[in-house]
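Structure assessment
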Amino acid sequence: MGLAIDVSYFLAAALFILGLKRMSSPVTARAGIVWAGAGMVVATLITFLTPDMHNYGWMTLAIAIGGGLAWYSGKKVSMTDMPQMIAIYNGMGGGAAAAIAAVELMGGEFHSSTFQVLAVIGALIGSVAFSGSMVAFAKLQGLMKRSLVFPGQQLFNLLVFGGALMFGFMLMGAEQAGGFSILIFFGLALLFGILMTLPIGGADMPVVISLYNALTGLAVAFEGFVLSNAAMIIAGTVVGSAGTLLTQLMAKAMNRSLSNVLFSGFGSGAASSAEQGAEEGTMKEIDATDAAVMMAYADKVIIVPGYGMAVAQAQHKVWEFARFLEERGVTVKFAIHPVAGRMPGHMNVLLAEAGVPYDKIYDLDEINNEFPQADVALVIGANDVVNPVARSNPDSPIYGMPILDADKARNVICVKRGKGKGFSGVENALFFLDNTRMLYGDGQDVAGKLIAELKQL
Amino acid sequence: MIEGFTALYIFMLAGFTGYEVISRVPVILHTPLMSGSNFVHGIVLVGAMVALGHAETDMEILIGFIGVMLGAGNAVGGYVVTERMLEMFKSSKEAK
């Protein structure tokens, strides 16, 4: 039986890696997740045959409850809410890793010091990933609006972390770990995860979720060492390193270093103190009729969608509008900023949901030099990612962030609900340019009107 | 127990593998990919099952039970949302 289990875990690990590999191209991505899924099924089923186990009833019940709830919520969640859903599933993984450590530590047998050390480190990381992800979920879901910042916060967090470490060391050395110190250890570790996430603003949350994803991977790998489970070690480590790389890519796309994200709330540092001077010039309005005509007779239109479009659920209408334009012979391309939406690639998912083929969607590096040749850049619900201030004003909090050069198009039409500022609270210089026209209204209504106008031409 | 240096070798090689596999991923797939890697660490379910399987006291069984529940949630939820997202990616040819 031991051999069958080893072979199955080996197979599962191989399927995970091949699956992730296939997920790296849109053509094979769908097959990738199916492969990885097959690996998971094989590994789970064979685990029931592990020798010397009991509590099968509880085990089956727990899988049914946890799996059932996750299945239901995963099928139901809307694409716009995907980031927080990923956060919650990720937190569950971290919690599971911490639970494994708790059971093993309470088991009372002192295996070896390596064993104890790995179990405790895995427990610490897993607990932080668990409670941190739950806070991230609450923030993105809008359950927790404000970032909690208080004086001496970092020192306090450090103390909590130090406390968790101290009890962790005690557990590592203890021949027989006391229930009380285990409890305090997990309490402090969970508290630290919450405290660490509280001051971080919603805009930075994707980076944090990605970081917790990597951390959970590591925790799983450590607990894999404890249980001598090669599948857990390999899968956990692969996710740990892949997640770290992904986190760096995201932080880079937002022009923020990881330490900056973790240790200073957005806008709480020098950023907010540098009060933005009012932008020169005025915003000029355009109505739907003129906008439709302008685009209908253009050669090339680049659409820049932002999270505002997704909130208005306008992606279907926008794609319908784009197809009308294409029928008239206009070249239409979609330009997506790496952080459009709530996390890198989120906007691609939302557009895919509306049926936009992925080969019409271009990312920043591919499209930026095409803006000068575009007759119209249609900006829908995007703000900070097209703000030319990021190129020109060193005092701006978003200075240096790579942006889409929508301002270089011959004409810019910005669809916007009102005159307010963007997510970061920074005034957008794009709206005041001579070649920019504002088209006020809800994204979906505006797209509907544009379609109606096109039909009449 | 997988012994000292063997464990370290596995750790190192798996680490490089993860880095390499992800480094060629286009931005458009970042969200599904994060979700997909999130699913992969759902393998923690297996460990939680073993921990629950060896649990003796009521407290251990309770914590093991919670662990298995959370692990199953991670695996199943991660799969469902990743699959839903990837299913939607189509090229112009496929989209008729």
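Residues numbered from 1 in each chain as written. Chains lettered and ligands numbered in written order. Predicted model: local features only at pLDDT ≥ 70, side-chain atom pairs only at ≥ 80, totals over all residues. Heavy atoms only, no water.

1. Things to note about the overall build of chain A
Of regular secondary structure, chain A possesses 18 helices and 6 strands. Counting only C-alpha atoms and orienting by the principal axes, one finds that chain A spans roughly 80 × 50 × 30 Å. Looking at chain A residue by residue over its 457 residues, the buried ones come to 56%. For chain A, contacts bridging at least 24 residues in sequence account for 77% of all contacts bridging at least 6. For chain A, the exposed area adds up to about 18,200 Å²; of that, 62% sits on carbon and sulfur atoms. (Helix = DSSP H or I, 4+ residues; strand = E, 2+ residues; numbered from the N terminus. Buried < 20%, exposed > 50% of the residue type's maximum accessible area, 1.4 Å probe, protein only. Contact = heavy atoms within 4.5 Å. Areas by Shrake-Rupley, 256 points an atom, 1.4 Å probe, with all protein chains shown as cover.)

2. What to know about the interface of chain B and chain A
Facing 81 residues of chain B, the contacting portion of chain A comprises 100 residues. Overall, the association of chain B and chain A removes approximately 8,100 Å² of surface from exposure, summing both partners, and the carbon and sulfur fraction of that is 78%. In this structure, the connection of chain B to chain A is made through 1 salt bridge. A salt bridge links E83(B) to R30(A); its shortest N-O distance comes to 2.4 Å. Counting across the chain B and chain A interface gives 16 residue pairs in polar contact (both at pLDDT 80 or more). Those elements giving two or more residues to the side of chain B that touches chain A turn out to be α1 (4–23), α2 (30–40), α3 (44–53) and α4 (58–87) of chain B. Of the residues in the side of chain B that touches chain A, the class split is 47 nonpolar, 25 polar and 9 charged. (Buried area = accessible area lost by both parts, 1.4 Å probe. Salt bridge = Lys/Arg side-chain N within 4 Å of Asp/Glu carboxyl O. Polar contact = N/O pair within 3.5 Å; in protein donor to acceptor, adjacent residues only side chain to side chain. Nonpolar A, V, L, I, M, F, W, Y, C, P; charged D, E, K, R; others polar.)

3. A look at the packing of helix α2 (residues 29–47) of chain A against α4(B)
For the pair α2(A) and α4(B), interaxial distance at closest approach is 9 Å and the crossing angle is 165 degrees. Looking at the two axes, α2(A) sits roughly antiparallel to α4(B). Crossing angle aside, the handedness with which α2(A) passes α4(B) is left-handed. Residues A29(A), R30(A), I33(A), V34(A), G37(A) and M40(A) of α2(A) pack against A75(B), Y79(B), T82(B), E83(B), L86(B) and E87(B) of α4(B). A breakdown of the residues in the contact of α2(A) with α4(B) according to their chemical character gives 7 nonpolar, 2 polar and 3 charged. (Axes fitted to C-alpha atoms, helices over the stretch in contact; angles between N-to-C directions. Parallel < 35°, antiparallel > 145°, perpendicular 65-115°, else oblique. Left-handed = near helix turned anticlockwise from the far one by under 90°.)

4. Observations concerning the packing of helix α14 (residues 315–327) of chain A against helix α18 (residues 443–456) of chain A
Residue and element names in this part refer to chain A. It is the contact of α14 with α18, at a shortest axis distance of 9 Å, that shows an interaxial angle of 25 degrees. With respect to α18, the element α14 is oriented roughly parallel. In terms of crossing hand, the pair formed by α14 and α18 is left-handed. Across the interface between the two elements, K317, V318, E320, F321, F324 and L325 of α14 pack against Q444, A447, G448, L450, I451, L454 and K455 of α18.

5. Re the sheet that holds strand β3 (residues 361–363) of chain A
All names here are of chain A. Read across the open sheet, the 6 strands follow the order β3-β2-β1-β4-β5-β6; overall the sheet is parallel. Where the open sheet ends on each side, the last strands, each with one partner, are β3 and β6 (436–440). Ignoring strand direction, the axes of neighbouring strands in this sheet form an average angle of 25 degrees. Two elements, strand β1 (residues 300–305) and strand β4 (residues 376–380), share 5 bridges in a ladder whose sense is parallel. In the strand pairing of β4, V304 is matched with V379. Contacting β1, β4, β5 (411–416) and β6, helix α12 (residues 288–296) crosses the sheet at an angle of about 135 degrees to β5. Relative to the sheet, α14 contacts β1, β2 (331–336) and β4, its axis offset from that of β2 by approximately 145 degrees. (Pairing = 2+ DSSP bridges.)

6. What to know about the nonpolar core
Judged by nonpolar contacts, the single largest core of 190 residues is most densely connected at M295(A), I303(A), F334(A), F371(A), V379(A), L450(A) and I43(B). The greatest single-element share of this core, amounting to 16 residues, is contributed by helix α4 (residues 82–106) of chain A. Excluding its chain neighbours within four sequence positions, the residues that come into contact with I43(B) are F16(A), M40(A), A43(A), V220(A), A231(A), M232(A) and A235(A). (Core = buried A, V, L, I, M, F, W, Y, C linked by side-chain atoms within 4.5 Å.)

7. Some points on the confidence of the model for chain A
Parts of the prediction with low pLDDT should not have their coordinates interpreted in detail. On average, residues of chain A score 86 in pLDDT, and 92% of them are at 70 or above. Least confident of the elements in chain A is helix α11 (residues 270–273) of chain A, whose mean pLDDT is 36; most confident is helix α3 (residues 56–76) of chain A, at 95. (pLDDT = per-residue confidence, 0-100.)

8. A closer look at helix α5 (residues 113–140) of chain A
Side chains that are three or four residues apart share a direction in an α-helix, a result of its 3.6 residues per turn. Residues and elements named next belong to chain A. Across its 28 residues, α5 extends 40 Å between first and last C-alpha, which sits within 8% of the 40 Å expected from 1.5 Å per residue. Counting buried positions along α5 yields 22 of 28 residues, so the element is predominantly enclosed. Directly after α5, the chain includes G142, whose backbone phi takes a positive value near 85 degrees. (Expected span 1.5 Å × (residues − 1).)

9. Describing a nonpolar patch on the surface
A grouping of F5(B), L8(B), Y9(B), M12(B), L13(B) and F16(B) is seen on the molecular surface, where their side chains present a nonpolar patch of about 700 Å² in accessible area. Within the fold, F5(B) resides in helix α1. (Patch = residues over 30% accessible without salt bridge, like charges linked within 9 Å, V, L, I, M, F, W, Y side chains within 5 Å.)

10. A short note on the pairing of β1(A)
Most of β1(A) sits out of view: 6 of its 6 residues are buried. Residue alternation in β1(A) divides its side chains into two sets, K300(A), I302(A) and V304(A) and V301(A), I303(A) and P305(A), and both sets are buried.

11. Notes on the side chain of N55(A)
Here N55(A) shows up in the loop between α2 and α3. Residue N55(A) is classed as buried on the basis of its relative accessible area, which comes to 16%. At a separation of 3.3 Å, a polar atom in the side chain of N55(A) contacts the main-chain carbonyl oxygen of A55(B). With residues up to four places along the chain from it excluded, the contact list for N55(A) reads L52(B), A55(B) and I61(B).

12. Describing the packing of aromatic side chains
Tallied over the full model, the rule gives 9 aromatic pairs over all chains. Relative to F11(B), the ring of F222(A) has its centre 6.3 Å away and its plane inclined at 25 degrees; by these criteria the two rings are stacked. One end of the pair, F222(A), is in helix α8 (residues 205–226); the other, F11(B), is in helix α1, on a second chain. On the basis of relative accessible area, F222(A) is assigned to the buried category, the value being 14%. Here W319(A) and F334(A) contribute two aromatic rings whose centre-to-centre distance is 6.3 Å and whose plane-to-plane angle is 55 degrees, an arrangement assigned as tilted. Of the two residues, W319(A) is situated in helix α14 and F334(A) in strand β2; the sequence distance between them amounts to 15 residues. Residue W319(A) is classed as buried on the basis of its relative accessible area of 8%. Within the aromatic cluster, the residues linked to one another by ring pairs are F222(A), F225(A) and F11(B). Directly above the aromatic system of W35(A) lies the positively charged group of R22(A), at a separation of 4.8 Å from the ring centroid. Positioned above the aromatic ring of Y297(A) is the side chain of R328(A), whose terminal nitrogen or guanidinium carbon lies 5.4 Å from the ring centre. (Phe/Tyr/Trp six-rings, centres within 6.5 Å; stacked < 30°, edge-to-face > 60°. Lys NZ or Arg CZ within 6 Å of the ring centre and 35° of its normal.)

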